[in-house]
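# Structure at a glance
Take a look at the letters that make up each chain.
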Amino acid sequence: MMTQPELEAHALSEGRLRYLRKLRDAQQAKTMATVGAGKSLLQAAIDPCAQRMAEVLNTKQRGVKHIAQHVIPLVTPEVASYITARTVLNGVLTQQPLNGTALEVADLLMDELRFRRFHTEAPGVYETLLKKLQRTPNYQHKRQVMKGKMAKAVVRTEDGGTQTGIETQDLELTQHQRIALGVWCVNQLLEATQLLEVEERRTVIRGQIKRDKYLVAPKDTLDWLQQRNEALELLWPVALPMVEPPLPWGPNGQRGGYRYALKGKYGLVRGIAKQARQTVNRTHMPVVYEALNAIQSTPWRINPLVADVLQEIIQRGGGVAGIPVLVEEPLPPKPVTNEELELQRKLQKRELKKTGVMPSVSPEMREYLKGWKAWKKHATTIQDSNHDKQYTRVALLRLLDLVAMFREAPQMYFVCNVDFRGRVYPVVSTMLSPQGDDVSKGLLTFAEGRPLGREGRRYLAQHGASCLDEWEGTKLTKLSIHERTQWIEQHTPWIRAMAEDPMAHRGWMQADSPFSFLAFCLEWHRFHQWLDAGNPEETFVSHLPCAQDGSCNGIQHFSAMLRDPIGGRAVNLMPLEEPQDIYHAVLTRVLDMLQQDAGDPSKVQSSVATSTVRIRGGKRIPVQRTKVGRAVLALRWLTSGQVTRKLVKRPVMTYPYGSRTFGFAQQIIEHLQHLESGQYAAKQAYTKVREHFTTEEAGDVTRDACQYLAHVIMRGIEQTVVAAAHAMQWLQDSARVIVKETGGCVEW
């Protein structure tokens, strides 16, 4: 086991290696200008380059206009300078010839104009495609996909009709124009910054001398880059738990936490501006210091029995206890290639590229392409799933390495600080923490135990019931406190059997929080061994953390501050025997309102709404569409089977943080888009939902239905927690006045 000075030195070393790997990956991806010292250099180059471009463009010149004078005003000098600086710096750091860099700059500028037009004429298709391509690192692939979709996008014309394909012929440049545009941009960067120089290099290829020009960084620039990267290497340590008590937080900017190489590395409040940090350092907050110091000085240790079970499950390939299947699925076999049809397909593709007209496709060719398209979709789904499995496996193996590192430590501590809201979080950059997922919580236990006393047995049983949540149709968390305790007591033999052999008796794997429940089973078994030996239950020393969660904390705070008995009852602030469920209460009100709307004949009638849509060139034209009545939407929701506690929960949770009907509607759509795990299954499920919300007169009304349900949920929440709504409105009005009159921010 490493000592604390060795752990902090190790954290710096691991952080340095991680930073160097990031630089290496950026170099391979040709994105060096967006990480490390290259990013700082890029930021320093953008403004001078933009000013230089604007000055040159504003200078009147005789004769034929340069191609840059047509393109740069459309892109804007600011965007052009960013694209130029980023591309040039990437070219310098990856040793790319000047001609190649200039062509890349020109192509990126024209892509910017193409994709802006795409966004203007088909915003829905553009946004959806952009979201899908976020995980794709290869820009060339993104460009090809975007251009392909542009050719197929259906856009409206001025006469109200539609047309396939977005016209970009006017944005095509010749090779000479591309080079001229790129070289002009590079020259403006060189003139504005003086950061780079042009160097000619000679190479001999098959007896012929080839001369190429390269952009190179002078020695002082290279020295600065090296020094900056060396400094940045030390700024990204891998924060680990401590084996010594952390330094305490205190007034006047006294930083707590790590003691040696990382001493003073982390501030009291994370992610705030320098001015706000200075205010925090000047402010005396004894309650905050006391709370943070109490939390981070609590000693923990690894639960070795849970760690052994986790390791065995991973070695067996996962698939149980919330651990996904880690064995990669093989790709499906490819369809049989028909050489005659392949030749025909290539000829048709060549004809389409040459004439711009899609040739006729035979039924045989259509079926052949359909088979390949289905295979590609299936293979892509499996590849995405295998990628996720690989990522999960690496993360779990890293967790096991961390467990092995701290397994023999008699105690470990987690340095904590707060975010701008005052919420406490550990600073560790690993999966293992008391606020981690179920696996992380199950692996950790208190290093210092406490005797159960007179009430400890009941709290221990309640914790076990909460971790299990449901068994054989019995929802334990809906039972009263006494009934939960009684259920656990009655099932003690079953619990002890799982503790004695977790891999043979697998009931714990079905729990809502499997590893936390396994840790409870082990503790409950140890407790009963203590009783079997004739010892009194009050003297049993337990090490298990017993979690107690709030019920919609935001509304709890409002209800408590306002002494609201209605809201307080809904979020369990009143002394009641059975637990209340605010999400179910809101759901009940929502279903009642849907029933009322569905049975109201005055809300059946459809209406015609007028809205505007963009057409070619960004112009907006009015378009009429049919809006179905609320009674129709209500009936569709009632027969969909989708109005559940889970759907209602997120809007209720985010309501006290400012979310309203617009945000609710988006949350409902996202819920429907992720009904199933896995990208392909989720897409199929969402397609079925949209089919359910498709009418003959108005077509697909899914979004209208989500907006309608958002308003119904809003009314349901406001009827459940009346006082909180008034308080939130008062806070918003007050904040608006404070900001308007002081020009500053709200502080408390």
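Nothing here was measured: the structure is a model prediction, and the numbers come from that model.

## What about the environment of Val648?
- When you line up the elements, Val648 lands in helix α24 (residues 645-654).
- For Val648, a relative accessible area of 0% puts it in the buried group.
- Residues in contact with Val648, not counting those within four places in the same chain, are Tyr583, Val586, Leu587 and Ile713.

## As for the confidence of the model for the chain
- Here the chain shows a mean pLDDT of 86. Residues at 70 or above account for 93%.
- Least confident of the elements in the chain is strand β13 (residues 607-614), whose mean pLDDT is 59; most confident is strand β8 (residues 444-446), at 97.

## Some words on the packing of helix α16 (residues 456-468) against helix α17 (residues 481-490)
- Relative to each other, α16 and α17 sit at 85°, their axes nearing to 8 Å. Between α16 and α17, the crossing angle belongs to the class labelled roughly perpendicular. Between α16 and α17, the contacting residues are Arg457, Arg458, Ala461, Gln462, Gly464, Ala465, Ser466 and Leu468 on the first element and Ile481, Arg484, Thr485, Trp487, Ile488 and Glu489 on the second.

## Considering the nonpolar core
- If you look at the biggest cluster of nonpolar residues, it comprises 66 residues, and the most contacted ones within it are Leu310, Ile313, Leu443, Trp508, Phe515, Phe517 and Phe520.
- With 44 residues, the next largest nonpolar core counts Val590, Leu672, Val689 and Ala705 among its residues.

## Description of the packing of aromatic side chains
- Tallied over the full model, the rule gives 14 aromatic pairs.
- Ring geometry for Trp487 versus Trp494: centroids 6.3 Å apart, planes at 90°, classification edge-to-face.
- Taken together, the aromatic side chains of Trp471, Trp487, Trp494, Phe517, Phe520, Trp524, Phe527, Trp530 and Phe540 make up a single cluster linked through ring pairs.
- The cationic tip of Lys265 hangs over the ring face of Tyr266; the distance from NZ or CZ to the ring centre is 5.0 Å.
- Residue placement shows Arg458 over the ring face of Tyr459; its charged tip is 4.7 Å from the ring centre.

## Re a positive patch on the surface
- Residues Lys132, Lys149, Lys152, Lys373, Lys377 and Lys683 make up a contiguous surface patch of positive charge.
- Contributions of two or more residues to the positive patch are made by α7 (139-152) and α14 (363-406).
- Inspection of the secondary structure puts Lys152 in helix α7.

## Observations concerning the pattern of salt bridges
- Scanning the model with the defined rule gives 21 salt bridges in all.
- Where Asp107 meets Arg178, a salt bridge forms, and the shortest distance between an N and an O atom there is 2.8 Å. Of this pair, Asp107 sits in helix α5 (residues 98-121) while Arg178 sits in helix α8 (residues 175-193); the two residues are 71 residues apart in sequence, bridging distant segments of the chain.
- Of the charged contacts, one joins Arg117 and Asp170 as a salt bridge, the two residues approaching to 2.8 Å between their closest N and O atoms. Here the residue Arg117 occupies a position in helix α5, and Asp170 occupies one in the loop between β2 (162-164) and α8, the gap between them amounting to 53 residues.

## Considering the side chain of Gln96
- Residue position: Gln96 is located in the loop between α4 (77-93) and α5.
- In this structure the side chain of Gln96 is engaged in a polar contact, spanning 3.3 Å, whose partner is the side chain of Thr101.
- With near-sequence residues (within four places) excluded, Gln96 lies in contact with Gly91, Thr101, Glu104 and Tyr214.

## Topic: the packing of helix α22 (residues 582-598) against α24
- Following both chains from N to C, one finds α22 and α24 inclined at 110°, their axes separated by 9 Å at the closest point. As summarised for this structure, α22 and α24 are arranged roughly perpendicular, according to the angle between their axes. For the pair α22 and α24, the contacting residues are Ile582, Tyr583, His584, Val586 and Leu587 in the first and Arg645, Val648, Lys649, Val652 and Met653 in the second.

## Concerning the environment of Leu531
- With respect to the helices and strands, Leu531 occurs in helix α19 (residues 514-532).
- The partly exposed category is assigned to Leu531, whose relative accessible area is 24%.
- When residues no more than four places from it in sequence are discounted, the contact partners of Leu531 are Arg457, Pro536 and Glu537.

## Focus on a nonpolar patch on the surface
- Judged by side-chain polarity, Ile738, Val739, Val746 and Trp748 come together as a nonpolar surface patch covering roughly 440 Å² of accessible area.
- Position of Trp748 among the secondary structure elements: in the segment after α28 (722-742).
- Classification of Trp748 by relative accessible area gives exposed; the value is 86%.

## Considerations on the side chain of Asn303
- Position of Asn303 relative to the elements: it lies in the loop between β5 (300-302) and α12 (304-315).
- What Asn303 contacts, discounting residues up to four positions off in sequence, is Gly442, Leu443, Thr445, Ala519 and Leu522.

## A few points about the state of the cysteines
- Inspection of every chain in the model, using the stated rule, returns zero disulfides.
- Unpaired in this structure, Cys546 has its nearest cysteine sulfur neighbour in Cys467, at a distance of 8.4 Å.

Reading guide: rules and limits
Residues numbered from 1 in each chain as written. Predicted model: local features only at pLDDT ≥ 70, side-chain atom pairs only at ≥ 80, totals over all residues. Heavy atoms only, no water. Helix = DSSP H or I, 4+ residues; strand = E, 2+ residues; numbered from the N terminus. Buried < 20%, exposed > 50% of the residue type's maximum accessible area, 1.4 Å probe, protein only. Contact = heavy atoms within 4.5 Å. pLDDT = per-residue confidence, 0-100. Axes fitted to C-alpha atoms, helices over the stretch in contact; angles between N-to-C directions. Parallel < 35°, antiparallel > 145°, perpendicular 65-115°, else oblique. Core = buried A, V, L, I, M, F, W, Y, C linked by side-chain atoms within 4.5 Å. Phe/Tyr/Trp six-rings, centres within 6.5 Å; stacked < 30°, edge-to-face > 60°. Lys NZ or Arg CZ within 6 Å of the ring centre and 35° of its normal. Patch = residues over 30% accessible without salt bridge, like charges linked within 9 Å, V, L, I, M, F, W, Y side chains within 5 Å. Areas by Shrake-Rupley, 256 points an atom, 1.4 Å probe, with all protein chains shown as cover. Salt bridge = Lys/Arg side-chain N within 4 Å of Asp/Glu carboxyl O. Lys, Arg positive; Asp, Glu negative; His and termini not counted. Charge placed at Lys NZ, Arg CZ, Asp CG, Glu CD. Polar contact = N/O pair within 3.5 Å; in protein donor to acceptor, adjacent residues only side chain to side chain. Disulfide = S-S within 2.5 Å.

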